[in-house]
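The chain contents come next:
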Amino acid sequence: MIIYVHTAGRPHKQTTLKSFSADLMKRTRLVVQDAEKDKYNIAPLKDNLVVLPPHINRLSPTRQWILENAETDKFVMMDDDLTFAHRGPYTKTKLYQASLENVEQMFTELEYLLGEYAHVGVSAREGNNRVQSNLKENTRMMRLLGYNKPRVLEAGARFDRIDTKQDFDMTLQLLRQGYKNAVLYGYAHNQPGSNVDGGCSVYRDSEMMNRCSHELAELHPGFVKVVEKHTKTSWGGGIRTDVRIAWKKAYESHTQS
């Protein structure tokens, strides 16, 4: 299994890679934009670079390119600014900072699951304590996404239909076709606040997030509801447009069609 970390504007700040052991780094590819490739030609990053075609400079086509060009049938793609936690042996939901060994085990479990599931993920830290089981099916995946390439290509699911929330769109496409997913809750990932320097902040703004929320609802009527949420920190605080998604209902719809 290969791990793809897509990155932009952060050659000297690779938070995700700090959690990777030397063995894990051997299976990791850092996916960079053609216009930035020289900025990433520094140790230890230069030995792991995969350069995108010159016309790709946004996340949706980046994820689609990775899907189409992944070196192995089982692969994971993920953001470049993640930290990781795991549940302790004597608690159902309490999280502890993950060691290098914990992160390696997490990817071992993902690779195993990809033998059964078309798409797998790891829980976000927010909301992790609401699920006591270490694994949940037919639920949200974000930031860290694992795929069985032949099954996803067979389904014809794509990342590049909308400018953002493409991870939600991909999950819904697969669930609605009867491909259940599995998300590990024995581990969790965390990320800094929205729209920090680098990454998608170059082009993504509240107007785009608003528009893509409505586009996602139009692509998946009956499964996605556009809502307004009050936030204290994300996107400068205030009211923002978001979505509420019926993941389980989306999967069950396949048997009802």
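Okay, so let's go over this structure. Just so we're clear, the structure is a prediction, and the values are computed from it rather than from any experiment.

What to know about the packing of aromatic side chains
No. 1: All chains considered together, the criterion is met by 5 aromatic pairs.
No. 2: When the centroid spacing of 5.6 Å and the interplanar angle of 85° are considered together, the rings of Tyr147 and Phe159 count as edge-to-face. A residue pair is termed long-range when its members are at least 10 positions apart, and Tyr147 in strand β9 (residues 144-148) and Phe159 in the loop between α4 (149-155) and α5 (166-176) qualify at 12 residues.
No. 3: Overall, the relative accessible area of 0% leaves Tyr147 in the buried class.
No. 4: Counting every residue linked through ring pairs, the aromatic cluster contains Tyr4, Phe75, Tyr147 and Phe159.

As for the environment of His119
No. 1: Turning to its location among the elements, His119 is positioned in strand β7 (residues 119-124).
No. 2: For His119, a relative accessible area of 0% translates into the label buried.
No. 3: Between the C-alpha atom of His119 and that of Ser60, which follows or precedes it by 59 residues, the distance is 17 Å.
No. 4: Polar side-chain contacts of His119 include one of 2.7 Å to the backbone oxygen of Tyr179.

Quick look at the pairing of strand β2 (residues 28-32)
Two faces belong to every sheet, and in a regular strand the side chains alternate between them.
No. 1: Of all the 5 residues making up β2, 5 are buried; the element is thus mostly covered by neighbouring parts of the structure.
No. 2: The side-chain alternation of β2 yields two buried faces, one formed by Thr28, Leu30 and Val32 and the other by Arg29 and Val31.
No. 3: Two elements, strand β1 (residues 2-6) and β2, share 4 bridges in a ladder whose sense is parallel. For Tyr4, the partnering residue across the bridge sits in β2 and is Arg29.
No. 4: Pairing between β2 and strand β3 (residues 49-51): 3 bridges, direction parallel.

Structural notes on the nonpolar core
No. 1: Counting residues in hydrophobic clusters, the biggest one holds 29 residues, and the most contacted among them are Phe20, Met78, Phe84, Met106, Phe107 and Leu144.
No. 2: Listed by contribution, the elements that provide at least two residues to this core are β1, α1 (22-26), β2, β4 (74-78), α3 (100-113), β7 and β10 (181-190).
No. 3: Broken down by element, this core gets its largest block of residues, 5 residues, from α3.
No. 4: Residue contacts for Met78: discarding those within four places in its chain leaves Ile3, Tyr4, Val5, His6, Thr16, Phe20, Phe84, Phe107, Arg143 and Leu144.
No. 5: In terms of nonpolar packing, the next biggest core, distinct from the first, is built from 26 residues, Val50, Ile56, Met170 and Tyr179 among them.

Observations concerning unusual backbone geometry
No. 1: Cis rather than trans, the peptide bond between Ala43 and Pro44 has omega equal to -5°.
No. 2: Among the secondary structure elements, Pro44 is positioned in the loop between β2 and β3.
No. 3: With a phi close to 70°, Arg143 is a non-glycine residue in the positive phi region.
No. 4: Note that Arg143 resides in the loop between β8 (135-137) and β9.

Remarks on the pairing of β1
No. 1: Most of β1 is tucked away, with 5 of its 5 residues classed as buried.
No. 2: Here β1 shows no split at all, with Ile2, Tyr4 and His6 on one side and Ile3 and Val5 on the other all buried.
No. 3: The pairing of β1 with β4 spans 4 bridges and is parallel. Paired with Val5 across the two strands is Met78, which belongs to β4.

Side note on helix α2 (residues 59-69)
No. 1: Burial of α2 is extensive: 8 of the 11 residues sit out of reach of the surface.
No. 2: Every buried residue of α2 is accounted for by Leu59, Ser60, Thr62, Arg63, Gln64, Trp65, Ile66 and Leu67.

Some remarks on the side chain of Gln14
No. 1: If you trace the backbone, Gln14 turns up in the loop between β1 and α1.
No. 2: In this structure Gln14 comes out as buried when scored by relative accessible area, which is 7%.
No. 3: Apart from residues no more than four positions distant in its own chain, Gln14 is found in contact with Val5, Thr7, Leu30, Tyr40, Leu45 and Asp80.

Digging into the side chain of His86
No. 1: By secondary structure assignment, the location of His86 is in strand β5 (residues 83-87).
No. 2: Among the polar contacts made by the side chain of His86, one reaches the side chain of Asn102 at a distance of 3.2 Å.
No. 3: Among residues more than four places away in sequence, those in contact with His86 are Lys94, Leu95, Tyr96, Gln97, Ala98, Asn102, Gly186 and Tyr187.

About the cut-offs
Residues numbered from 1 in each chain as written. Predicted model: local features only at pLDDT ≥ 70, side-chain atom pairs only at ≥ 80, totals over all residues. Heavy atoms only, no water. Phe/Tyr/Trp six-rings, centres within 6.5 Å; stacked < 30°, edge-to-face > 60°. Helix = DSSP H or I, 4+ residues; strand = E, 2+ residues; numbered from the N terminus. Buried < 20%, exposed > 50% of the residue type's maximum accessible area, 1.4 Å probe, protein only. Polar contact = N/O pair within 3.5 Å; in protein donor to acceptor, adjacent residues only side chain to side chain. Pairing = 2+ DSSP bridges. Core = buried A, V, L, I, M, F, W, Y, C linked by side-chain atoms within 4.5 Å. Contact = heavy atoms within 4.5 Å.

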